[in-house]
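Here are the chains, one letter per residue:
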Amino acid sequence: MEKKEKDALGQGAQEGREAHLDEHLEQMPAQELPADIPAEVREKLARDLNDKEAAEDLRQDVRDAEKEEAKEAPPAPNKLTKSRLLKLLVKKQYVKLREVTEDMQPADLAELLEELDENNRLVVFRLLKKEVATEVFTYMSDEARDELVDEFSDVELITAIEEMSLDDAADLLEDMPAGVVKRVLEKSSPQTRESLNKLLHYPENSAGSLMTLEYVRLRREMTVKQAFAAIRQQGEQAETLYTCYVVDKNRLLGIVSVRSLLLAELDTPITEIMDENVIAVRVTDDQEFVSREMQRYDFTAMPVLDNEGMFVGIITIDDAIDVLTEESTEDMQKMAAILPDDEATTYFGTSVWTHAKQRIPWLMILMLSATFTGMVTTHYEQAFVALPLLVSFMPMLMGTAGNCGNQVSTQMVRGLALDEIEPADFLKVVYKELRVSMIVGLVLGVANGLRIWLMYGVFGGGQYPNVMDYVVVVSLALFLSIILAKLVGGLLPLGAKKLGFDPAIMANPFLSTIVDCCSLLIYFQIATVVFRSYMG
């Protein structure tokens, strides 16, 4: 059978299946919108769901989703996929939609919602149970959350903020326009407004802006039995239950874990099992420092004190992981000569203009800085004329030296970030990298010399009678360039840290220009001495 006939039959079968799907969907009994949805939101939902044009678009979205899923491995029968979720909307199975989404992990449901277009995402989100919607909202990307917030009514926005943990709510408000923040604060409950104002007051990227005020407080005179009662009372709102804090007049006296409580007798005083050796951070400490401290001590939560030593909140491990991820991403961008940008989210979620805006400034600087490399090359133009073969070794020399410098600079940036290395260790770094670079330079120099001798001597057909001179020049230049590159790569980040600059900026962008210029100077200086007779 010819291909066109097969395609025609396939298309006919597909159209038949689609017609059957439409007929089947029309026969399904519709369900009313859940009664607990606020009247204002119900009105908007009803209008969106009853729009004929939107309904047809929704059916088409179902077909498109099925085609996409057909290209992948068949999903598990009980797994909620994009097409199955959209079918529930088409069938008006709103109660069923709530039931299946309630059983999903919030992170998985957030990922599924982000696959939907903006209109369908808003409709599904409004149909979710309030508790589920709040959890899902915190797991969504900034871009998806912003799109939802733009369409939220005051009722929806305030409900979302009130139900979220305070630290997540504060993070969300920090990224919102001032008008939206004012609207939220005006209509929030007095307690929420007071807490949010306190968190928003702290400097950005500080421990205070990262902490939450929701934790389990215990009093020193409590017994284990009373502590369990306090945990039951405060636990629903607390960010974490595993670690509880013994507080007296806003002074942190100690911490006690749930494990210790479970293993103790009910009449045991809290003071007998609490750990008084408390490690805490200040509200003004940098959030990256806090995250490193939590990593260092294997904490799941870190107490935060104000400048007067009063206990004001805690930072949980999930927020610390987010900070470390953001800081690592920022360092990688800087090392790749890309300016960090608050508008950038994921690769595909970031606009073309934002990508270009991040990359152009450093590329422009590096392009102009390459002028120095060109000046070095122009200065030794006479060597090219006399010995053209010298030009062929330049890319290898600059590339190898640059790679060597990048290796050590990356290690320095990581070491500085983890506090494994300090600027005061520069002499130790010099001594170590000097020995490493001599070994690396010797091995690569010998290997490259052997390559040149084989290519241009043994198999060169006698075209280059002075091949051993080339071996000496290139191998010696490579040896010295590697030593220089590793020393520069090790010292640049340390110097940047000492001067208060970001070491990641020095890791690749400036290093490449410095190493290229210096390696060419070494190369041509050696060539000028060895090939003096050829240059007249």
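In case you missed it, the structure is sitting above this.
Just so you know, these numbers come straight off a predicted model, no measurement behind them. (Residues numbered from 1 in each chain as written. Predicted model: local features only at pLDDT ≥ 70, side-chain atom pairs only at ≥ 80, totals over all residues. Heavy atoms only, no water.)

**Description of the sheet that holds strand 6 (residues 311-316)**
Piece 1. The strand order across the open sheet formed by 3 strands is 4-5-6, and the pairing between neighbours is mixed. Of all strands in the sheet, those bounded by a partner on one side alone are strand 4 (281-282) and strand 6.
Piece 2. The sheet strands contacting helix 18 (residues 287-297) are strand 4, strand 5 (301-305) and strand 6, and the helix crosses strand 5 at an angle near 135°. (Pairing = 2+ DSSP bridges. Helix = DSSP H or I, 4+ residues; strand = E, 2+ residues; numbered from the N terminus. Contact = heavy atoms within 4.5 Å. Axes fitted to C-alpha atoms, helices over the stretch in contact; angles between N-to-C directions.)

**Describing the pairing of strand 3 (residues 251-257)**
Piece 1. For strand 2 (residues 243-248) and strand 3, the ladder comprises 6 bridges, and the chain directions are antiparallel. Opposite Val246, over in strand 3, you have Gly254 as the bridge partner.
Piece 2. Hairpin geometry of strand 2 and strand 3 is characterised by an intervening segment of 2 residues between the two adjacent antiparallel strands and by a positive phi of about 55° at Lys249.

**Here we look at the pattern of salt bridges**
Piece 1. In this structure the tally under the stated criterion is 11 salt bridges.
Piece 2. With its nearest N and O atoms 3.4 Å apart, the salt bridge here joins Glu102 to Lys129. Note that Glu102 is positioned in helix 5 (residues 94-102) and Lys129 in the loop between helix 7 (118-127) and helix 8 (130-139), a separation of 27 residues in sequence.
Piece 3. Under the relative-accessibility criterion, Lys129 is labelled partly exposed at 29%.
Piece 4. With a closest N to O distance of 2.5 Å, Glu147 and Arg121 form a salt bridge. Of the two residues, Glu147 is situated in helix 9 (residues 142-151) and Arg121 in helix 7; the sequence distance between them amounts to 26 residues.
Piece 5. Given a relative accessible area of 22%, Glu147 falls into the partly exposed group.
Piece 6. Residue class for Arg121 comes out buried when judged on its relative accessible area of 7%.
Piece 7. Because the salt bridges share partners, they merge into one network encompassing Asp48, Arg126 and Glu156. (Salt bridge = Lys/Arg side-chain N within 4 Å of Asp/Glu carboxyl O. Buried < 20%, exposed > 50% of the residue type's maximum accessible area, 1.4 Å probe, protein only.)

**A short note on the pairing of strand 2**
Piece 1. Within strand 2, 5 of the 6 residues are buried, which leaves the element mostly enclosed by the surrounding structure.
Piece 2. Note that the unit made of strand 1 (residues 217-218), helix 15 (residues 224-234) and strand 2 has a crossover that is right-handed. (Right-handed = clockwise from strand over helix to strand, strands pointing away.)

**Concerning the state of the cysteines**
Two cysteines form a disulfide when their sulfur atoms are joined by a covalent bond.
Piece 1. Taken as a whole and assessed by the stated rule, the structure comprises 0 disulfides.
Piece 2. Not engaged in a disulfide, the cysteine Cys517 finds its nearest cysteine sulfur in Cys518; these two sulfurs lie 6.6 Å apart.
Piece 3. On the basis of relative accessible area, Cys517 is assigned to the buried category, the value being 12%. (Disulfide = S-S within 2.5 Å.)

**Topic: unusual backbone geometry**
Piece 1. Its identity is not glycine, yet Asn250 carries a phi of approximately 65°, on the positive side.
Piece 2. Residue position: Asn250 is located in the loop between strand 2 and strand 3.
Piece 3. Residue classification places Asn250 among the partly exposed positions, given a relative accessible area of 38%.
Piece 4. Of note in the backbone geometry, Asp298 takes a positive phi value of approximately 55° without being a glycine.

**What about the packing of helix 23 (residues 394-417) against helix 25 (residues 467-498)?**
Piece 1. Where helix 23 contacts helix 25, the two axes come as close as 8 Å, and the packing angle between them is 25°. When the axes of helix 23 and helix 25 are compared, the pair comes out roughly parallel. When the axes of helix 23 and helix 25 are compared, the crossing they make is right-handed. Contacts between helix 23 and helix 25 involve Met396, Leu397, Thr400, Ala401, Cys404, Gly405, Gln407, Val408, Ser409, Met412, Val413 and Leu416 on the former and, on the latter, Val474, Ala477, Leu478, Ser481, Ile482, Ala485, Lys486, Gly489, Gly490, Pro493, Leu494 and Lys497.
Piece 2. Partitioning the contact of helix 23 with helix 25 into residue classes produces 15 nonpolar, 7 polar and 2 charged. (Parallel < 35°, antiparallel > 145°, perpendicular 65-115°, else oblique. Left-handed = near helix turned anticlockwise from the far one by under 90°. Nonpolar A, V, L, I, M, F, W, Y, C, P; charged D, E, K, R; others polar.)

**Quick notes on the packing of aromatic side chains**
Piece 1. Scanning the model with the defined rule gives 11 aromatic pairs in all.
Piece 2. Over the ring of Phe137 we find Arg145, and its NZ or CZ is 5.9 Å from the ring centre.
Piece 3. A cation over an aromatic ring shows up here: Arg435 above the ring of Tyr431, its NZ or CZ 4.0 Å from the ring centre. (Phe/Tyr/Trp six-rings, centres within 6.5 Å; stacked < 30°, edge-to-face > 60°. Lys NZ or Arg CZ within 6 Å of the ring centre and 35° of its normal.)

**Thoughts on the nonpolar core**
Buried together is how nonpolar side chains tend to be arranged in soluble globular proteins.
Piece 1. In terms of nonpolar packing, the biggest core is built from 66 residues, with Leu89, Leu113, Phe125, Leu127, Leu128 and Met211 touching the most fellow members.
Piece 2. Apart from the residues lying within four places of it in its own chain, the contact partners of Leu128 are Leu97, Arg98, Thr101, Leu109, Leu113 and Ala133.
Piece 3. Core analysis: the second largest hydrophobic core is formed by 34 residues, Phe393, Cys404, Leu520 and Phe531 among them. (Core = buried A, V, L, I, M, F, W, Y, C linked by side-chain atoms within 4.5 Å.)

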